[in-house]
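Each chain, written out:
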Amino acid sequence: MNDATAQQPQGGAEEGNEGSMSRRSVLRTTAGVAGAGIGLGAIGGVGAAGIARAAESGSAAAGTAVPERQGRTMAGVPFEGRSTVRVGIIGLGNRGGSMIDLYLALPGVQVVAVCDPVKAKAEAAAAKVVQAGQPAPAVYAKDEDDYENLCKRGDIDFVYVATPWDVHFVMAKTAMLNGKHVGVECPVAMRLDELWALVDLSERTRRHCMQLENCCYGRNEMRVLRMAHAGKFGQLLHGAGAYNHDLRGLMFSPTYYEGPWRRLWHTRLRGDLYPNHGFGPVANYMDVNRGDRVVSISSFGTPALGLAEYRAANMPPGDPSWKESYIESDRTISMVRTAKGRVIRLEHDVSTPHPYSRINSLGGTKGVFEDYPTRIYLEPDHDDDQWKDFGAYADWDHWLWKEHANPPGGHGGMDYIMVFRLMQCMRLGLVPDFDVYDAATWTAPVPLSHLSVKANGAPLEIPDFTRGEWRKARSGVDSEKPAE
């Protein structure tokens, strides 16, 4: 899967930076997604075939009725405070192998266990823990299921999952069933029934399940968030987010991913495989799940040509990739509507030449911000139809960026800010900045965009994972600095 020999891409968290799982594990786990239903499972008791039929008729998806709550809401539920957060890490490839450095850099955090079926990676991570002055962690590298033994330990408070997408759901589920809070790299799951299962498990077990969306903690994103909440953009109307990043070379690299798991998703789904980096920040600007909610998605996809062309130009005859048939749209464009009538545009393109961009835009009745490159236009500050320097608004930086002006770690420091804040919330017994409802909402475009693309852009209903709690205003990433 992921080998750290490849150069780290710039920008947001790159999905290739996830831990190792054996090829057998990936094939076993994903065997069920190859059929006509693409393993999308049921929504509120109605299977994927029924949703597809509804989409083909041009109507909102049938069967998205909210299932009955089995536990109690996790909205606004704080962590239990503790002096030390004991962490177990599953997956030590590019992503997990680098993120462990950030956990080790924080006071009040101890890495007590590490897990990866590639023993050398698990042992290298354990050596980092010892070098940081902590006791040697337990190492789980016996086989692809050894993560279960890590989750059973009684001395772990938080499990961090940085593995291939195929096994995110089962690992998050196992962690919660064993009484652990869990944070998962993007996306948290690949099926709608799995998203509902995570919501239900979080509510029943009283454990938080979080999508660790680092782009929500980018300096620009947090500045725009504070400005939006202060009314600088007026009444919010529209936003956009994306993951446009040329990954062709990495997906065909024999070393960057350990095995073809990442590329194989392009043979299974047609829609937006990685919406979280673009969706999460814009959802925060608009207080999605905290006063507004997303209600529908309509997605359109281009033909799937880019990976096949790249393979023809770069891969030798006999390479295993020649057995693959790609169906993932080279570019997917989705339009998401909210209950308040706002519109969010999402884009995904990792198969064609394109400079890195998450778009990251926000517009309202008083002006607009756009990223890549960064620029802003607000009234009454400007009235000459010319973009202005976003740097002039540095006073609006979030307190986390004022306190950590030059944070360590990758992706411009957003990784460190995210981990620092999460561990702070756990130590001080605070409500997390985002929860299982955000994880499910930000990931729902993965299966739903696939169905909508198949149905020529027919709008599909996005479930209300909060079961009505979205109507209540509550805190999120735009947090107040706590008293330590």
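Our structure's up above, just so we're on the same page.
Not measured: the values here are computed from a predicted model.

Draft legend 1. Here's a closer look at the sheet that holds strand 2 (residues 109–115). The sheet built from six strands is open, its strands ordered 3-2-1-4-5-6 with parallel pairing. Both outer strands of the open sheet, strand 3 (138–140) and strand 6 (209–211), are each paired with one neighbouring strand and no more. The sheet shows a mean angle of 25° between the axes of neighbouring strands, taken without regard to direction. Across the sheet, helix 6 (residues 168–177) lies against strand 1 (85–90), strand 4 (158–161), strand 5 (181–184) and strand 6, angled at about 165° from strand 5, the strand it touches most.

Draft legend 2. How the structure looks around the side chain of Asp 272. Note on placement: Asp 272 falls in the loop between helix 10 (261–264) and helix 11 (276–285). With no salt bridge to any partner, buried Asp 272 finds its closest opposite charge in Arg 262, at an N-O distance of 8.4 Å. A polar side-chain atom of Asp 272 sits 3.0 Å from the main-chain amide nitrogen of Tyr 274. Asp 272 has contacts with Thr 332, Leu 346, Glu 347, His 348, Pro 445, Val 446 and Ser 449, leaving out every residue within four places of it along the chain.

Draft legend 3. View of the layout of surface pockets. Size it by volume and the largest pocket reaches roughly 270 Å³. Among the elements that make up the lining of the largest pocket, the one with the highest residue count is helix 10 (three residues).

Draft legend 4. Inspection of the nonpolar core at higher detail. Within the largest apolar cluster, 105 residues are counted, with the highest numbers of intra-cluster contacts made by Tyr 103, Phe 158, Phe 233 and Met 423. In terms of nonpolar packing, the next biggest core, distinct from the first, is built from 22 residues, Trp 165, Met 251, Tyr 310 and Met 315 among them.

Draft legend 5. Molecular detail of the sheet that holds strand 11 (residues 361–364). Across the sheet, eight strands lie side by side as 13-12-11-7-10-9-8-14; this open sheet has mixed pairing. Both edges of this open sheet fall to strand 13 (375–378) and strand 14 (460–461), since each of them pairs with a single strand only. Note that strand 11 and strand 12 (residues 367–370) share three bridges and pair antiparallel. Paired with Leu 362 across the strands is Phe 369, a residue of strand 12.

Draft legend 6. Broad picture of empty space enclosed by the protein. Enumeration over the complete set of coordinates arrives at three cavities of 30 Å³ or more. When its volume is computed, the largest cavity comes out at roughly 70 Å³. What lines the largest cavity is simply Met 210, Leu 212, Tyr 217, Met 418, Arg 421, Leu 422, Cys 425, Pro 432, Asp 433 and Phe 434. With four residues, helix 14 (residues 414–428) is the single largest residue contributor to the lining of the largest cavity. A per-class count over the lining of the largest cavity returns eight nonpolar, no polar and two charged.

Draft legend 7. Spotlight on the packing of helix 7 (residues 192–205) against helix 15 (residues 436–443). Direction vectors running N to C along helix 7 and helix 15 enclose 175°, while the axes themselves pass 9 Å from each other. Judged by the angle between their axes, helix 7 and helix 15 are roughly antiparallel. Across the interface between the two elements, Leu 195, Leu 198, Val 199, Ser 202 and Glu 203 of helix 7 pack against Val 436, Tyr 437, Ala 440 and Thr 443 of helix 15.

Draft legend 8. Quick peek at the pairing of strand 5. With burial as the criterion, each face of strand 5 is covered, one bearing His 181 and Gly 183 and the other bearing Val 182 and Val 184. Looking at chain direction, strand 4 and strand 5 are connected through four bridges and run parallel. Note on strand 5: the bridge partner recorded for Val 161 is Val 184. When strand 5 meets strand 6, the two strands line up parallel, connected through three bridges. Directly across from Val 182, in strand 6, lies its bridge partner Cys 209. With helix 7 bridging strand 5 and the parallel strand 6, this β-α-β connection has right-handed handedness.

Draft legend 9. Summary view of the packing of aromatic side chains. Summed over all chains, the structure comprises 16 aromatic pairs. With a centroid separation of 6.4 Å and 40° between ring planes, the pair formed by Trp 165 and Trp 265 is classed as tilted. In this pair, Trp 165 sits in the loop between strand 4 and helix 6 while Trp 265 sits in the loop between helix 10 and helix 11, placing the two residues 100 residues apart along the sequence. The burial state of Trp 165 is the same as that of Trp 265; both residues are buried. When the centroid spacing of 6.2 Å and the interplanar angle of 25° are considered together, the rings of Tyr 416 and Phe 420 count as stacked. Of this pair, Tyr 416 and Phe 420 are both found in helix 14, four residues apart, which corresponds to roughly one turn of the helix.

Draft legend 10. Layout of helix 11. Within helix 11, ten of the ten residues are buried, which leaves it mostly tucked inside the rest of the structure. Of the residues making up helix 11, those classed as buried are Asn 276, His 277, Gly 278, Phe 279, Gly 280, Pro 281, Val 282, Ala 283, Asn 284 and Tyr 285. One or two steps after helix 11, the chain reaches Asp 287, where phi turns positive at roughly 55°.

Draft legend 11. Quick look at the packing of helix 3 (residues 94–104) against helix 4 (residues 119–131). Contact pair helix 3 / helix 4: the axes reach a minimum separation of 10 Å and the direction vectors enclose 20°. Viewed along their axes, helix 3 and helix 4 adopt a mutual orientation that is roughly parallel. Crossing hand, helix 3 versus helix 4: right-handed. Counting all contacts with helix 3, which are made through Gly 97, Ile 100, Asp 101 and Leu 104, the residues of helix 4 involved are Ala 125, Lys 128 and Val 129. Taken together, the residues that form the contact of helix 3 with helix 4 break down as four nonpolar, one polar and two charged.

Conventions used here
Residues numbered from 1 in each chain as written. Predicted model: local features only at pLDDT ≥ 70, side-chain atom pairs only at ≥ 80, totals over all residues. Heavy atoms only, no water. Pairing = 2+ DSSP bridges. Helix = DSSP H or I, 4+ residues; strand = E, 2+ residues; numbered from the N terminus. Axes fitted to C-alpha atoms, helices over the stretch in contact; angles between N-to-C directions. Contact = heavy atoms within 4.5 Å. Buried < 20%, exposed > 50% of the residue type's maximum accessible area, 1.4 Å probe, protein only. Lys, Arg positive; Asp, Glu negative; His and termini not counted. Salt bridge = Lys/Arg side-chain N within 4 Å of Asp/Glu carboxyl O. Polar contact = N/O pair within 3.5 Å; in protein donor to acceptor, adjacent residues only side chain to side chain. 1 Å grid on protein atoms, 1.4 Å probe; cavity = no way out; pocket = protein on both sides within 12 Å on 5 of 7 lines; lining within 4 Å. Points joined across faces, edges and corners; volume = space filled by probe spheres on them. Core = buried A, V, L, I, M, F, W, Y, C linked by side-chain atoms within 4.5 Å. Nonpolar A, V, L, I, M, F, W, Y, C, P; charged D, E, K, R; others polar. Parallel < 35°, antiparallel > 145°, perpendicular 65-115°, else oblique. Right-handed = clockwise from strand over helix to strand, strands pointing away. Phe/Tyr/Trp six-rings, centres within 6.5 Å; stacked < 30°, edge-to-face > 60°. Left-handed = near helix turned anticlockwise from the far one by under 90°.

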